[in-house]
Amino acid sequence: MRYLLTIFLLAQVALYAQKSFAQVTNLDNSPYNMQNSQYNMENSPYNMRNSPYNMDNSAYNASAKNGVYDNTGNRIGYEVKAPSGVTNYFDNSGNRIGYTPSKR
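Source: prediction; values computed, not measured.

(A) Expanded view of the sheet that holds strand E2 (residues 75–81). Ordered by their spatial adjacency, four strands build an open sheet running E1-E2-E3-E4, and the pairing between neighbours is antiparallel. In the strand order of this sheet, the two ends are held by strand E1 (67–69) and strand E4 (96–100), each with one partner. Neighbour-to-neighbour, the strand axes of the sheet open up by a mean angle of 30°, direction not taken into account. Of the pairings in the sheet, the one linking E1 to E2 comprises three bridges and is antiparallel in character. Residue pairing for E2: tyrosine 69 is matched across the bridge by arginine 75.

Set out below in structure tokens:
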């Protein structure tokens, strides 16, 4: 009985160790990567390129080409590509609501 219990416990440890090695985070897509971080000035709404006060990003500019719309055609925000290649998504108020990592 002791022998079977020992084998069972060793098998459980081996399975746990195998699963723990498979949990790897890709830093390229991570929000903790400074290139993707909202605290990077290239991604900040305080950067004039990303600001809702920039006429290219304004909801009141009818010819803006970077608007993001919902399925019913209402403008919900805008997108701006940073020099690093990250595409940032902002709502109409300038709050960063998402990003797409750069494609190297």
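From this point, the discussion proceeds with the structure in view.
(B) How the structure looks around the packing of aromatic side chains. Inspection of the entire model under this criterion finds one aromatic pair. Relative to phenylalanine 90, the ring of tyrosine 78 lies with its centre 5.3 Å away and its plane at 20°, an arrangement referred to as stacked. Taken together, the residues span a long stretch of sequence, with tyrosine 78 in strand E2 and phenylalanine 90 in strand E3 (residues 87–91) at a distance of twelve residues.

Cut-offs used in this document
Residues numbered from 1 in each chain as written. Predicted model: local features only at pLDDT ≥ 70, side-chain atom pairs only at ≥ 80, totals over all residues. Heavy atoms only, no water. Pairing = 2+ DSSP bridges. Helix = DSSP H or I, 4+ residues; strand = E, 2+ residues; numbered from the N terminus. Axes fitted to C-alpha atoms, helices over the stretch in contact; angles between N-to-C directions. Phe/Tyr/Trp six-rings, centres within 6.5 Å; stacked < 30°, edge-to-face > 60°.

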